[in-house]
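Coordinate analysis (summary)
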Amino acid sequence: MLLVLQIIYFICIAGLVYAYLIYPFLMKFWTRNLKPPTEFFTEESEWPTVSVIMAAYNEGVVIEEKMNSLLQSDYPKDKLHVFVGSDCSVDRTNELMQSFADSNPSIHFYPFAKRRGKPGIVNELATDAIQKFGQGADHIFLLTDASVILEPSTLKKLVRHFKREKVVLVDSNMLNTGIKSKGISKSEKEYVNREVRLKNREGLLWGTMVGPFGGCYALRSDYYQEVPPKFLVDDFYIAFKALEKGGAAINDLEAICHESVPHDIGEEYRRKARISAGNYQNLETFAHLLKKPFSPLGFSFISHKVLKWLGPFFLIGSYICCGILAFYGNIMWYDLFIMQTVVLFGIPLLDFILQKVNIHLLLLRNITYFLVMNIALLEGFIKYINGIKNNVWEPPKRGE
């Protein structure tokens, strides 16, 4: 029995170390000499039609800045169309969007009277855009969130890659704004930066970037797959359906957009728990890829996502096994159990106490952030196994 517990312990620790340290290192090593392809659209006549697809709910605080960032894009104006669906917003979103639509015929606004969730709205907008402009390589979707602000060149830098027929999805480089010492904004920024670079390397090496961030990415319209009802994470589902069709997904570090980063760990916890429930929906949907661990897509999926989604079970499993082994009197396991107890409980408590006296240590905050987000993953799993009742959402409160 003790040997079995030791094996389980080391499997759990190995899973965490591989997912968070070894796999990112391997991707960095394997892509060290690779350069991004430079086959782009250049002539004005080459650029395809772009339909911006955006669902919004109570985004009155950011919707004007968002729309202005789209309208100020350097993309050919006659080839840019904007489709916005309001999910029964009760703030100024509808009023502001109607004003934009009244003054610009390229803006198509849908003020839905009944809440239906982001995927449902995105499905309807995509269907309408296809009916208006067709479906194929000459029609690109920009799927984006109201809180994500584009630079004038962002859209062109995303779309330019579709010159290569193999490329069907291009993700942007998300830069966070409003960083403060208080709260979790620095930890969130570090996480996002690491994820962007890891996804960039996956795209560079194999064209298997494992899911865009969802806030701003471009997709060939003929690779759009309608998102099932009650799905919570539409961007991952859409991306993997495109990858399964044989398309390549990449990330462009020069396609920059901005989003205000969250400070409040409770607010971010709720958002991550909701996303986590959606992650397990996608794990069920794409579980067949687990049978192909040596294919580029299967290897990326397992290494980048699946092992992280199993993170809370690795943490719990290793702690329980270590505690039982320590109980049997082995000094090594006793020391390991004390160390894990300090990391899992002592560091978050110390970080909380130091915050109260306005002391903010990034290392402690990063460990707290990591642990809290794994608890959010566990809550998401519980929500998933209990059944997802609906997929309506609330926009998160973000830093100013």
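Heads up: the structure comes first, above all this text.
All values reported here derive from a predicted model rather than from experimental measurement.

The rules behind each value
- Residues numbered from 1 in each chain as written.
- Predicted model: local features only at pLDDT ≥ 70, side-chain atom pairs only at ≥ 80, totals over all residues.
- Heavy atoms only, no water.
- Axes fitted to C-alpha atoms, helices over the stretch in contact; angles between N-to-C directions.
- Helix = DSSP H or I, 4+ residues; strand = E, 2+ residues; numbered from the N terminus.
- Left-handed = near helix turned anticlockwise from the far one by under 90°.
- Contact = heavy atoms within 4.5 Å.
- Nonpolar A, V, L, I, M, F, W, Y, C, P; charged D, E, K, R; others polar.
- Buried < 20%, exposed > 50% of the residue type's maximum accessible area, 1.4 Å probe, protein only.
- Core = buried A, V, L, I, M, F, W, Y, C linked by side-chain atoms within 4.5 Å.
- Pairing = 2+ DSSP bridges.
- Right-handed = clockwise from strand over helix to strand, strands pointing away.
- Salt bridge = Lys/Arg side-chain N within 4 Å of Asp/Glu carboxyl O.
- Disulfide = S-S within 2.5 Å.
- Phe/Tyr/Trp six-rings, centres within 6.5 Å; stacked < 30°, edge-to-face > 60°.
- Lys NZ or Arg CZ within 6 Å of the ring centre and 35° of its normal.

**Considering the packing of helix α1 (residues 2–30) against helix α9 (residues 296–309)**
At a minimum axis separation of 9 Å, α1 and α9 run at an interaxial angle of 145°. Between α1 and α9 lies a crossing of left-handed hand. In this structure, α1 contributes Gly15, Tyr18, Ala19, Tyr20, Tyr23 and Trp30 to the contact, and α9 contributes Phe299, Ser300, Ser303, His304, Leu307 and Lys308. Across the contact of α1 with α9, the residue classes tally to 7 nonpolar, 4 polar and 1 charged.

**Quick look at the environment of leucine 3**
Structurally, leucine 3 can be placed in helix α1. A residue is classified by how much of its surface remains accessible, and leucine 3, at 58% relative accessible area, is exposed. C-alpha of leucine 3 to C-alpha of leucine 362: the two residues are 359 residues apart in sequence and 37 Å apart in space.

**Focus on the nonpolar core**
Leu143, Tyr224, Phe240 and Phe301 are the most contacted members of the largest nonpolar core, which totals 42 residues. Put simply, the parts of the chain that give this core at least two residues each are β1 (49–56), α4 (118–133), β4 (139–144), β6 (167–177), β7 (216–220), α7 (234–244), α8 (265–285) and α9. In terms of residue count, α7 provides more of this core than any other element does, 7 residues in total. For leucine 143, the contacting residues outside a window of four places in its chain are Ile53, Val122, Gly214, Gly215, Cys216, Tyr217, Leu219, Tyr224 and Ile238.

**Thoughts on the sheet that holds β7**
Strands pair in a sheet through their backbones, by hydrogen bonds, and they do so in one of two ways: parallel or antiparallel. The strand order β3-β2-β1-β4-β7-β6-β8-β5 describes an open sheet built from 8 strands, whose pairing is mixed. Edge positions in the open sheet fall to β3 (107–112) and β5 (149–150), since each of these has one partner strand only. Two elements, β1 and strand β2 (residues 80–87), share 7 bridges in a ladder whose sense is parallel. For valine 52, the partnering residue across the bridge sits in β2 and is valine 82.

**Examining the pairing of β3**
The pairing of β2 with β3 spans 6 bridges and is parallel. Among the inter-strand pairings, aspartate 87 is bridged to a residue of β3, identified as phenylalanine 112. Chirality of the crossover, the property in question, places the unit of β2, helix α3 (residues 93–103) and β3 among those that are right-handed.

**Topic: the environment of asparagine 282**
In this structure, asparagine 282 sits in helix α8. The exposure class assigned to asparagine 282 is buried, which follows from its relative accessible area of 0%. Asparagine 282 sits 45 residues away from tyrosine 237 along the chain, and the two C-alpha atoms are 6.5 Å apart. If sequence neighbours within four positions are ignored, asparagine 282 has contacts with Phe231, Val233, Phe236, Tyr237 and Trp309.

**Some details on the pattern of salt bridges**
Enumeration over the complete set of coordinates arrives at 19 salt bridges. Here glutamate 188 and arginine 271 are joined by a salt bridge, their closest N and O atoms 3.7 Å apart. On the criterion of sequence distance, the pair formed by glutamate 188 in helix α6 (residues 185–205) and arginine 271 in helix α8 is long-range, its members being 83 residues apart. Glutamate 188 gets classed as buried once you look at its relative accessible area, which sits at 4%. Given a relative accessible area of 23%, arginine 271 falls into the partly exposed group. Residues participating in the shared-partner salt-bridge network are Glu188, Glu268, Arg271 and Lys272.

**Re the state of the cysteines**
Using the criterion set out here, one finds 0 disulfides in the structure. You can see cysteine 257 has no disulfide; the closest cysteine sulfur is in cysteine 216, sitting 4.3 Å from it. We classify cysteine 257 as buried; its relative accessible area is 0%.

**Comments concerning the packing of aromatic side chains**
In total, this model carries 32 aromatic pairs according to the counting rule given. Seen in terms of ring centroids, tyrosine 191 and tyrosine 369 are 6.4 Å apart; in terms of plane orientation they differ by 50°. Their pairing is tilted. Here tyrosine 191 is found in helix α6, whereas its partner tyrosine 369 is found in helix α12 (residues 362–386), with 178 residues between them in sequence. Using a relative accessible area of 7% as the deciding quantity, one classes tyrosine 369 as buried. Between tyrosine 237 and phenylalanine 286 the ring centres are 6.0 Å apart and the planes differ by 50°, which places this aromatic pair in the tilted class. Residue tyrosine 237 is found in helix α7, and its partner phenylalanine 286 is found in the loop between α8 and α9; the two are separated by 49 residues along the sequence. Assigned by exposure class, tyrosine 237 and phenylalanine 286 land together as buried. These aromatic residues form a ring-pair network of at least three members: Phe231, Phe236, Tyr237, Phe240, Phe286, Phe301 and Trp309. Positioned over the ring face of tyrosine 57 is arginine 115, at 3.5 Å from the centre of the ring. In this arrangement the basic side chain of arginine 160 is found over the ring face of phenylalanine 40, its NZ or CZ atom lying 4.3 Å from the centre.

Bear in mind that shape data such as this cannot, by itself, settle questions of function.
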